[in-house]
Amino acid sequence: MNFTIMQRYYSLFIALVFSTVLGISNSSAQIVDPVQWKFTASNVNDEEVDITATASIESKWHVYALKVSNDPNAIGPIPTELKLTAASTYTKSGGTKEGLKYITHFDPNFEMDLNYFENKAVFIQRIKRKSPAAFEVAGVLEYMACDESKCIFPDPVKFTVKIAEVGAKEEVVDEASTTASEATSGILAPVKWSVNSVKVEEGVYDIIFTANIDQNWHLYSQFLPSNEGPVATTFKIEAPANVQLVEGVKEGTPTKKYDPNFMMDVNFFSGKTSFTQRVKVTDNKASEVKASVNFMVCDDEKCLPPTDVNFKVNLATGLGEVIDPLQTNAATTTPGKFQYKLDGVDVSEPLVKDCVEIVAAPDASLWELFILGFLGGLVALLTPCVFPMIPLTVSFFTKGSENKRQGIIRAVTYGLFIFGIYLLLSLPFHLFDQIDENILNNISTNVPLNVAFFIIFVVFAISFFGYFEITLPSGFANKMDNASNVGGLIGTFFMAVTLAIVSFSCTGPILGSLLAGSLAKDGGAIQLTAGMGGFGLALGIPFAIFAAFPGMLKSLPKSGGWLNSVKVVLGFLELALALKFLSQADLVDHWGILKYELFVGLWVVIFALMALYIFGKIKFPHDSPLKKLSIFRIGFGVLVISWVIYLASGFRYDERYNTYHSLTLLSGLAPPVGYSWMYPKDCPHNLDCEHDYQLAIERAQRENKPLFVDFTGYACVNCRKMEEHVWIDPTILAKLSEEFIVVSLYVDDRKELPAELQETYTYEVNGVKKTKEIKTYGDRWAAFQIASFNSNAQPLYAILSPDGKLLNTPVGYTPAIAEYDAWLQCGLDAFKNK
């Protein structure tokens, strides 16, 4: 006995060493649970009861037999042992027996022949009862499981089973291990069906029949190689007159394997599978569709006779009902219970890590906005509200100071205060960012806010055209001006504030453009701070430079009519940008008003009018008489005309993609070319993509292709740049269209989910629990991205296997074509080698 105990612990030691060498004891490894146990009790006769432990074992894993080797002196892995707790209600009758024949195979890890089970193992302990009354039996099961590379030795499995009284019609099982219908009636129901419908587009729906198949059982395909084997799964759809069936019922890719029950190769499904019937409604009334399925299921030992299950599904709500006599818990199924956190996705542990280096520089967008803000500040300097202030303010500092050095210091301080004031204006947005990391994205895609921006920009444009002035309250400006008389640093600060206020009629529209542009970027409030910093720096620098070199003031052009021309040109730009915000609202809310043709056409008209204005053919209220055209004005006019010709080229037909040629310089500003009246396309470059993750992963399983997940947005500028600059590359486009199933998930889609699909989702960000109301499709995809991919920035691209495993590290905006192509190839290689 002591030798046996020592032998057992030595076996445990060997297993520990073996597992440690293979690296599975690393605390960062993923927890695996490849064996599921079920415990049952059945009356053999009036005196004897069998306690049965059944193991469902995942593929490639094995559980060891009661004796791991036929050599009694062999020391190897831990054998399985079923122990019952002693009680006064029964006695054991003999030892534990195995219900199935084990496999004996040489194991190179232990260098010996071992006895083990694959797929399924059964262990039976018979007991003798001491009375006919019902009672309970408790016990514990110890086991070890291994695959080709590692072993696990889980905690002992504790169980309790209820023994029915003698003569009872039903056998009682471990309540946690099987379904109520099987326990109470003995009728097997290894397939649980559900049904729902999903709207694909207007008038087109997919009816999805989902089968959840118990472990070790399999459901046969609709298409079998012979009629002499099992019964194929068949569907019958009863559609009303206004519903047309689109082709037949589609299924995923089945497993083809030899079936010992029929002694032939058959096609079957295991685990979970779906069948999809697409239908088209010919009128505006989404109807109820009835259907039935006839199917057969088998395990390795037996088959159940063909069974019929009836369904009905409401296309309008997506809800379906299963009418199955074997499913006692059959009820209305809700397709809205979406799995936001994918089990197979851990962004820190993809299947292949760091297979290609992506030099994605998020800071580049900060510099881009800083430079744009700086340029905006330079433009603001050339407006009638700011330009005349430069010589006056510099003269005040230089002449009102005791010496040149003091004047320079005061001017530099003035410039720094201007820079600081515009930085301070961005601080409230940082507070918003702390409240909700997705709030600025929500603001930028908010339909009422985009409409408000459109109206504001139109008002700004009219103001720049000279029909009225936008100013802050004069009383406020007077107070700031009075405060500037204090002197010292405080006085200089209030002088800077006064400049910001009195110049608002010119700088306000530019700042509004900067604010709106920053919100349309990814990265949060830091983007706005970068832009504001650039704007403030451009406004502040001239005062410091001219104070240090006052002689340069003489080289400045004199104020005059050209300053108003700058304002008018800015007015045309504001009018063009206004359409950008109306377009965002139109895309997000699916109005279908501002399609590609109208947007580009209006831009052609706006810039054509700008060209006419530059050449003096159009005048506005504050314009001075134009006696002759300067060389600069002619050159600028020619540049605008060239721009108009370029815009008009966007109406050329592209035979490759059966749509318009996309305008590279309008990426992120104009609607996608597929958003068109003449050549409508749901996906860029005529790709055959999906817009629903569940439909896409089922299609990936059917076609056995990796899934390319594109988290995008209608208002996402960088998303359009990727589609129109990178995806259009022939090599990349060929991969996306031929090697992947593409799903584009729009996180700013404001189309509401059906009421029964709306829910509240709880998730964690840096250890802090947050809740999100899921009311729209965009809400669903945004929560899905945060929960599964730990990111809320778009674009984000990820590659998944058909079973939902992350193949390589997701990437964001990657403008370098070679890098993006290498990343796609890395995902493909990971899928092929999986």
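Residues numbered from 1 in each chain as written. Predicted model: local features only at pLDDT ≥ 70, side-chain atom pairs only at ≥ 80, totals over all residues. Heavy atoms only, no water.

### Quick word on the overall build of the protein chain
- On a plain count of helices and strands, the protein chain comes out with 20 helices and 33 strands.
- For the protein chain, buried positions account for 48% of its 834 residues.
- In the protein chain, the proportion of contacts linking residues at least 24 apart, taken out of those at least 6 apart, comes to 72%.
- For the protein chain, the accessible area works out to roughly 40100 Å², and carbon and sulfur atoms hold 58% of it. (Helix = DSSP H or I, 4+ residues; strand = E, 2+ residues; numbered from the N terminus. Buried < 20%, exposed > 50% of the residue type's maximum accessible area, 1.4 Å probe, protein only. Contact = heavy atoms within 4.5 Å. Areas by Shrake-Rupley, 256 points an atom, 1.4 Å probe, with all protein chains shown as cover.)

### Topic: the pairing of strand S29 (residues 707–712)
- Burial within S29 is extensive, with 6 of its 6 residues counted as buried.
- Inspection of the sheet shows S29 paired to strand S30 (residues 741–746) by 6 bridges, in the parallel sense. Of the residues in S30, the one forming a bridge with Val-709 is Val-743.
- Alignment of S29 against strand S33 (residues 796–800), held across 5 bridges, turns out to be antiparallel. Across the sheet, Phe-711 pairs through a bridge with Leu-796, a residue of S33. (Pairing = 2+ DSSP bridges.)

### Comments concerning the confidence of the model for the protein chain
- Looking at the protein chain, the pLDDT average stands at 76 and 72% of residues meet or exceed 70.
- Scored below 50 in pLDDT, residues 360–364 makes 1 contact in the model with residues more than four places away or belonging to other chains.
- Note on residues 434–438: pLDDT is under 50 here. Beyond four places in sequence and across chains, it has 10 contacts. (pLDDT = per-residue confidence, 0-100.)

### Overview of the packing of aromatic side chains
- Applying the stated rule across the entire model yields 48 aromatic pairs.
- On the basis of an interplanar angle of 80 degrees and a centroid distance of 6.0 Å, the ring pair of Phe-784 and Phe-789 is categorised as edge-to-face.
- Judged by its relative accessible area of 4%, Phe-789 falls in the buried class.
- The side chain of Arg-633 reaches across the aromatic face of Tyr-613, ending 5.6 Å from its centre. (Phe/Tyr/Trp six-rings, centres within 6.5 Å; stacked < 30°, edge-to-face > 60°. Lys NZ or Arg CZ within 6 Å of the ring centre and 35° of its normal.)

### Topic: the nonpolar core
- Of all hydrophobic cores here, the largest spans 30 residues; its most connected members are Tyr-693, Leu-707, Phe-784, Phe-789 and Leu-800.
- Where this core is concerned, the elements lending two or more residues are helix H16 (693–703), S29, S30, helix H19 (777–789) and S33.
- With 7 residues, the top contributor of residues to this core is H19.
- Setting aside chain neighbours within four positions, we find Phe-784 in contact with Phe-338, Gln-339, Tyr-340, Leu-342, Tyr-693, Phe-711, Leu-745 and Phe-789.
- Grouped together as the second largest cluster of nonpolar side chains are 29 residues, Ala-53, Ile-57, Tyr-90 and Phe-135 included. (Core = buried A, V, L, I, M, F, W, Y, C linked by side-chain atoms within 4.5 Å.)

### Section: the side chain of Thr-712
- Assignment of secondary structure puts Thr-712 in strand S29.
- A residue is classified by how much of its surface remains accessible, and Thr-712, at 0% relative accessible area, is buried.

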